[in-house]
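The chain contents come next:
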Amino acid sequence: MSAKVEQIVKALQETLFMTFASLLFTVIFGIMIGILLYITQSKGLYQCKVINRIVDLIVNILRSIPFIILMILVVPLAKMLTGSLLGAKAAIPSLVIAASPFYARMCIIAFNEVNKGTIEACKAMGASNFEIIYKVLIPESLPALISGVSLTAISLVSYTAMAGAIGSGGLGNLAYLYGSVRRDEVVLFISTILIVIIVFVIQFIGDYIVMKIDKR
Amino acid sequence: MIELKNVSKIYHTPNQIIRAVDDVSLTIKDHEIFGIIGFSGAGKSTVIRLINQLETQTSGEVYIDGVNMKELSLKQLAKKRIKIGMIFQHFNLMWSKTVFQNIELALEIANVKKEDRKEKVMKLIQLVGLIGKEYSYPSQLSGGQKQRVGIARALANDPDILLCDEATSALDPQTTFAILDLLNDINHKLGITIVMITHQMEVVSKICHRVAVMSEGKVIEEGSVQDIFQHPKHEITKVFVSSVSSTSEVSDLMTSLKKMYPTGHIIRLNFTGDISNKAILANVMKHTGVEISIINANITSSQQGPIGILYCHITEAFCNQLDVVVNHLKQEGVIVEVL
Ligand SMILES: Nc1ncnc2c1ncn2[C@@H]1O[C@H](COP(=O)(O)OP(=O)(O)O)[C@@H](O)[C@H]1O
Ligand SMILES: [Mg+2]
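One structure accompanies this document, and this report is about it. These numbers were taken from a predicted model, which means no experiment stands behind them. (Residues numbered from 1 in each chain as written. Chains lettered and ligands numbered in written order. Predicted model: local features only at pLDDT ≥ 70, side-chain atom pairs only at ≥ 80, totals over all residues. Heavy atoms only, no water.)

## Notes on the overall build of chain B
Secondary structure assignment for chain B yields 12 helices and 14 strands. Considering only C-alpha atoms, chain B reaches an extent of 75 × 45 × 35 Å along its principal axes. Sorting the 339 residues of chain B into buried and exposed places 53% on the buried side. When the accessible surface of chain B is summed, it comes to about 15300 Å², and 50% of that surface belongs to carbon and sulfur atoms. Taken together, the 35 basic and 36 acidic charged side chains of chain B have centroids lying 6 Å from each other. (Helix = DSSP H or I, 4+ residues; strand = E, 2+ residues; numbered from the N terminus. Buried < 20%, exposed > 50% of the residue type's maximum accessible area, 1.4 Å probe, protein only. Areas by Shrake-Rupley, 256 points an atom, 1.4 Å probe, with all protein chains shown as cover. Lys, Arg positive; Asp, Glu negative; His and termini not counted. Charge placed at Lys NZ, Arg CZ, Asp CG, Glu CD.)

Put into structure tokens, the structure is as follows:
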């Protein structure tokens, strides 16, 4: 019994590690890609059709590859970056590559919802484009950026279950192993409940922060 | 001084070419309140946005204090903009910042040191009458209060010019007058040049010194507010001038007056400035013996004194003396129109 408990605890740690480590990189890359797409779009701060088209295409391609396949494609890169083929760490590059375009899309939607008049007002005050981005665009889109983070985190949780296929461990993998291979319903059940709880907690925290900072 | 020289702005949309501003030349003097009036789509916003180069002209030159705006680098332009405040119809405040922070942002952009900002922001809050609202968010303010924040923010870096794009159009009449009073005050106290865009003649009559009338991208008439009221030349200007009388439904008023007075003549008298104070009508009645009854009256105050529009009726019995009356009134400096 205690061996099973240990396994569950270990799987929980792996899931949390994979989710939050990849979330960190995903948010950083996602915001950067989002800003790049936002400023290069037509009528943007640095309008540039070529860059916009190329980045947009890459984002769309990455978004349309099923995660399970993307993971296999990314294996060589993962090995190069993390020095291993297996384990929770090795799953992070593919998780980040899968989730960043997803979050980047949400960032663009969030940025485009920022009142154009407000941005114009700051331009009229003499703000540089850099100031407009970090003093106006980000704070004014923060609630949407944060609810995007919690949505992305939730998708990452379910991606980590699939990452089990490359031996990353985690709760999803545990549930799969015990549920389908060893027919141990208790472990299956507990792993599933834990995943549901993680998702609920992420959602709750996200909603709470959004509620606190949204002064509209 | 702001000078626009043969400025045009052409927008190319997929299915048409729009001449938003068409060969406009204007000179706006220091310390004056200059109005630009016109219907929606006339090109007013485009003109005001050309002044601080939020839009760049397709052709022509924009000079501010002799500096050709299109020759400035991005950095120089940003620096110049710090000295040109702007306020908007929909205020355009940051909802994520408090009143204090919204105003402070303007100082931050101008690289004012943190220690100096607080005092300056509090001064501005006092100037626009928002004491006690420092830590409120825009969503907790009324429209008039939001515009006061907008004004404080625009004045933060002691600009020489304040651009107002329909600054009172989203406000109720009472709030409009309060904001206009504030702007007038600022113009008097600080000597800031104000460019006022509006589609409301009341706004022009209340605070502007000079006004340009725009239509279809062109300036069709320009002059002192008094001149424009006394001698409106263009049809559109006449519509704006007559709109000051009662509601803007002048034609409605006309039909109803015609119904009430089916016989005789209705004349419209336009008084401006000091002549409003004389007992002109009484004199005319005494001299000609014609009975003139006032059937509708409207007086607006302006920078150059009151502007009055009277609708009068002359009964059929005196019809043959109509010309005499009209001439008499004209000699007194009244603008007369027989309707
Ligand atoms: N960015 C733009 N692209 C295309 N057309 C525009 C743009 N901005 C303004 N216009 C057009 O230019 C004309 C003048 O607009 P505007 O200056 O906003 O008028 P106003 O402020 O007097 O209502 C309108 O016909 C408007 O549709
Ligand atoms: Mg406009």
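## Examining the sheet that holds strand β5 (residues 67-68) of chain B
Pairing between sheet strands relies on hydrogen bonds along the backbone, with the strands arranged either parallel or antiparallel. Residue and element names in this part refer to chain B. Strand order in the open sheet formed by four strands is β2-β1-β4-β5, and the pairing between neighbours is antiparallel. The two strands at the open ends of the sheet, each matched to only one other strand, are β2 (16-28) and β5. The sheet contact formed by strand β1 (residues 2-13) and strand β4 (residues 59-64) spans five bridges and is antiparallel. Its bridge partner lying in β4, Ser 8 is registered against Ser 59. Helix-sheet contacts for helix α1 (residues 44-51) involve β1, β2 and β4, and the interaxial angle to β1 is about 120 degrees. (Pairing = 2+ DSSP bridges. Contact = heavy atoms within 4.5 Å. Axes fitted to C-alpha atoms, helices over the stretch in contact; angles between N-to-C directions.)

## What to know about the sheet that holds strand β13 (residues 305-314) of chain B
Residues and elements named next belong to chain B. Pairing in this open sheet of four strands is antiparallel, and the strands run β12-β13-β11-β14 from one edge to the other. The sheet is open, and its two edges are formed by β12 (292-302) and β14 (335-338), each paired on a single side. Strand-to-strand twist in this sheet, taken as the mean axis angle between neighbours without regard to direction, amounts to 15 degrees. Bridging between strand β11 (residues 265-272) and β14 involves four bridges; their strand directions are antiparallel. If you follow Arg 268 over to β14, its bridge partner there is Glu 337. Here helix α12 (residues 322-331) sits on the sheet in contact with β11, β12, β13 and β14, set at roughly 155 degrees to β14.

## Notes on the site of ligand 1
All names here are of chain B. Taken together, the residues surrounding ligand 1 are Tyr 11, Thr 13, Ile 18, Ala 20, Phe 39, Ser 40, Gly 41, Ala 42, Gly 43, Lys 44, Ser 45 and Thr 46. Gly 43 has a polar backbone atom sitting 2.9 Å from an oxygen atom of ligand 1. Within the side chain of Thr 46, one N or O atom sits 2.5 Å away from an oxygen atom of ligand 1. Taking 560 Å² as the accessible area of ligand 1 by itself, protein coverage stands at 65%. Counting only elements with at least two residues in the shell around ligand 1, the list comes to β1, β2 and α1. (Near = heavy atom within 4 Å. Polar contact = N/O pair within 3.5 Å; in protein donor to acceptor, adjacent residues only side chain to side chain.)

Any functional reading would require information that these geometric values do not contain.
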